[in-house]
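# Notes for the structure review
In case you want the letters, here they are:
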Amino acid sequence: MTSLLARGVMAERRLDSSWKRHISDQLKLRDRVQRQAFEEIVLQYNRLLEKSDLQTVLSERYQTDKYDVQRGHEANSGSDSGRSDVLQQEMSQMRIKHQEELTELHKKRGELAQNVIELNNQIQQKDKEIQSNEAKMLDFQQQISDLEGDCRELRSCLQDLERANQTLKDEYDALQITFSALEEKLRKTTEDNQELVSRWMAEKAQEANKLNAENEKDSRRRQAKLQKELADAAKEPLPIEPDDDIEVLAEDGGKGGAETSPKRTLSRTPRRRPANSFSSSPENSEAPSGVCAEVRVPSTALHVFEAHDGEVNAVKFSPGSRLLATGGMDRRVKLWEVVAGRCEPKGALTGSNAGITSIEFDAAGSYLLAASNDFASRIWTVDDFRLRHTLTGHSGKVLSARFLLDNARIVSGSYDRTLKLWDLRSKVCMKTVFAGSSCNDIVCTEQCVMSGHFDKKVRFWDIRAESIVQELELLGRVTSLDLNHDRTELLTCSRDDLVKIIDLRTNAVRQTFSAQGFKCGADWTRVTFSPDGCYVAGGSADGALYIWNVLTGKVDRTLDRNHNSAINSVSWSPSGAFVVSVEKGSKAILWSDM
C-alpha cells in the first residue's frame, strides 16, 4: 500500500511539472514565432530612420553649401558665372535625386506604418488569445485543485478500505482457524459416530441372533409339545357326535369311507416369522389383490378435495386399493381411506424436511417409501404412521425410490446423476451407480432396474453386475416409467408430449400415444397403466386427464372440467375401480364410472 501512495505522489509531481513545462514551452514558441515575424520589420524601420536622419543631415549640408555657393557666386559673379551654371545643374540634379529618394522613403514609411498597424492588430489578437488561454489555465488550475481534492478524498477512502480490509482479513483468519477446529471436531465426531454405529450394529446383530435362537428354541418346544399332544390324542379315540363340524379325511386306496386312519393327522405347526424386518402380519397389512376382473374407465369426478397445502407431486394406491397416499410440497405424506366413493383422511406421515417427489407401497401394503427433495428417502409403517428409516447419501434431491420385489432392498434415483441400492436389513447403501444424467423415475423387475433420465434415455441396469445392459433414447426428457402387471411392457412419458409402450422382450417401442392438446407439464409428470394393461392414463399441463385404449391406440376419454392447473401424477387402483389425479395446485380428484 505504501508503494501505491508513493506512486500516486510521483504521478502528481509529474503532473505538476508537466503542465508548467508545457506553459513555458508555449511561451518560448510564441516568442520565437512573433519575434521572427517582427524582426525584419523592425530592422527595415531602423534602416529607414537612419536614412531619414542621413537625408536630413545631407539636406542641411547641401543648404549650407548652397548658401556658401551663393555668397561666393555673388562675390565672384563676374569671373565665375560659367562655373556656377555647372554647379546649379549639379545641384538641381542632386535635388531631383534626393527628392526621388525622399519620395521613396515616404512610400516605404507608409508601407511600414501599415505593417505596424497590422502587426498591432495581430498583437491585440494574440493578447486576446493569451487572455483566453490564461482563463482556460485558471479553469484548468481549478479543475486540478478539484482533482487534487478528489485524490485526497480517494486516498482517505483507500486508507479506510485498507483498514477495513485488514480487519476483514484478521476476522477471516480467525474464522479459518475456528473452521479448522470445527472441521477437526466434526471429523472426530464422525469417526466416533461411525464407531458407535458399528458397535450398535454389532450389538443389534448379536441381539437379533439371540432373539432368533430363542425363537428357534421356543418354536421347537412348541412343536415338540404339539407333536406330543397330537400323539396322545391319536392314542385316545374320541367319540364323534353327528353335530360336530369336523371333516374326516378318507384314506386312499380302496378302504371304506367310514373308516378313518389314526395315522393320518393334520399338523398345523405354526410357521416361524422370517428374519426380514419388513415381512408383514395380517393385522397391519392388506391382502394384495391380483389383476382385477374388470377395469372401469373413469368418467365422473366422485370426490374433489384439498389434499395438501401447496403443490401435490405424487399419488399412489395401496395394493389392496383401500388406502390412498399423496405427497406434496408441504413435506408431508397423507393417507386417505377410500370409502363409498370418497377419500376420508386417515393420517399424515411426517419427518421429511422438503417436498415429497414420489410414493411407493411395499407388496403387502404395510410400509410406505417416499423420496424427498432433502436428498433422502424415508420409510414409514402404515398402521401406526411411525417413521422407521431415513436413507441419506445422495448429494441432490431424490426424485424416485422403489422397493425391489423382495421388499428387503430399495433403489433410489437422484438429481445428482446416481442410482443407489439400499439394504433395509443393514440400512446401508450397498451399491452406487453413476448414470451420467439426472434420474427422474425408476421401475424394477426381479434382476433389472429401469431408469428414465434427463438426457432423454431409458437405461436398463443389471443389479448384480452394476452395469448398463441397454440404453434406449427417446425424443424428449423422460418424466415417468411404469410396468404392466406381467412386467413385460414398460410405459414411458417424455417432454416431447408422447407416451410410449416399450416391449421388454424386444426392447423396442411397440406403441406411441399422443393427443390434440396433451402436453407434459413437468419433468416429474407421472402416467400409469390400468391394472389389466388395456388402458393408459396421463395428465396434461392444461389440467385434462387423458385415457388411451392400448388396443386401438386412440384416446378413449378426456376429462377436462375439474382441474385448474397441470396434473402432476395419476394412479389407477389395483382393483380397477378408481383413478386418482393430483395437480400443481392443492387438489386431488377421485374418478370412476359411477
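Whatever comes next refers back to the structure up there.
Thresholds applied
Sequence order as written defines residue numbering, which begins from 1 separately in each chain. pLDDT decides what is reported in this predicted model: residues at 70 or higher carry local features, side-chain atom pairs at 80 or more are listed and counted, and totals for whole chains, interfaces and linings draw on all residues regardless. Computation of side-chain values: all heavy atoms of the structure, hydrogens and water removed. We call a pair of cysteine sulfur atoms a disulfide whenever their separation is within 2.5 Å. In this description, strands pair whenever DSSP reports at least two bridges between them. The numbering of helices and of strands both runs from the N terminus, where a helix is a DSSP run of H or I of at least 4 residues and a strand a run of E of at least 2. Axis definition: a line fitted to C-alpha atoms, over the contacting stretch in the case of helices. Angles run 0 to 180 degrees between N-to-C directions. For every residue, the accessible area obtained with a 1.4 Å probe (protein chains only) is divided by the maximum for its type, and the residue is called buried under 20%, exposed over 50%, and partly exposed between those limits. Here, two residues are considered to be in contact whenever any of their heavy atoms come within 4.5 Å of each other. Throughout this description, the term nonpolar core refers to a set of buried Ala, Val, Leu, Ile, Met, Phe, Trp, Tyr and Cys residues connected via side-chain atoms within 4.5 Å. Ring pairs shown here join Phe, Tyr and Trp side chains whose ring centres sit within 6.5 Å, with only the six-membered ring taken for Trp; geometry is labelled stacked below 30 degrees between planes, edge-to-face above 60, and tilted in between. A ring is considered to have a charge above it if a Lys NZ or an Arg CZ atom is located within 6 Å of its centre and within 35 degrees of its normal.

### Comments concerning the state of the cysteines
Tallying each qualifying case throughout the model produces zero disulfides. Cysteine cysteine 448 is unpaired, with the sulfur of cysteine 444 as its nearest cysteine sulfur at 8.7 Å.

### Digging into the sheet that holds strand E14 (residues 439-444)
With antiparallel pairing, four strands are arranged side by side in an open sheet as E14-E15-E16-E17. Edge positions in the sheet fall to E14 and strand E17 (467-473), since each of these pairs with one other strand and no more. Neighbour to neighbour, the strand axes of the sheet diverge by 20 degrees on average, direction disregarded. Taken together, the five bridges between strand E15 (residues 448-453) and strand E16 (residues 457-462) define a ladder with antiparallel strand orientation. Directly across from valine 449, in E16, lies its bridge partner tryptophan 461.

### A word on the environment of arginine 386
With respect to the element layout, arginine 386 can be found in the loop between strand E8 (376-381) and strand E9 (387-392). Under the relative-accessibility criterion, arginine 386 is labelled partly exposed at 47%. Excluding residues within four positions of it along the chain, arginine 386 makes contact with Ile379, Trp380 and Thr381.

### Looking at the nonpolar core
Soluble, globular proteins show a tendency: their nonpolar side chains are buried together. The biggest cluster of nonpolar side chains holds 15 residues, and the ones touching the most others in it are Phe305, Phe317, Leu324, Val338, Cys343, Val580 and Leu590. Taken together, the elements giving at least two residues each to this core come down to strand E2 (312-317), strand E4 (333-339), strand E27 (579-583) and strand E28 (587-592). When residues of this core are assigned to their parent elements, the largest contribution, three residues, is made by E2. Beyond its immediate sequence surroundings of up to four residues, phenylalanine 305 is in contact with Leu324, Trp336, Cys343, Ser586, Lys587 and Ala588. Listed in part, the 14 residues of the second largest apolar core include Ile501, Phe518, Val527 and Trp548.

### Digging into the sheet that holds strand E6 (residues 356-361)
Taken together, the four strands give an open sheet; going across it, the order is E6-E7-E8-E9, and neighbouring strands pair in antiparallel fashion. Strands with a single pairing partner mark the edges of an open sheet, and in this sheet they are E6 and E9. Adjacent strand axes in the sheet meet at a mean angle of 20 degrees when their direction is disregarded. Here strand E7 (residues 367-372) runs beside E8; their pairing, made up of five bridges, is antiparallel. Bridge pairing links leucine 368 to tryptophan 380 in E8.

### Structural notes on the packing of aromatic side chains
Taken as a whole, this structure holds six aromatic pairs when the rule is applied. On the numbers, 4.8 Å between centres and 55 degrees between planes, the contact of phenylalanine 305 with tryptophan 336 is tilted. Here tryptophan 336 lies in strand E4 and phenylalanine 305 lies in strand E1 (residues 300-306), a separation of 31 residues in the sequence. The exposure classification of phenylalanine 305 matches that of tryptophan 336, with both residues buried. Taking the centre distance of 5.9 Å and the plane angle of 20 degrees together, the rings of tyrosine 546 and tryptophan 548 count as stacked. Ring pairs connect the aromatic residues Phe513, Phe518, Tyr546 and Trp548, which therefore count as one cluster. Directly above the aromatic system of tyrosine 415 lies the positively charged group of lysine 397, at a separation of 5.5 Å from the ring centroid.

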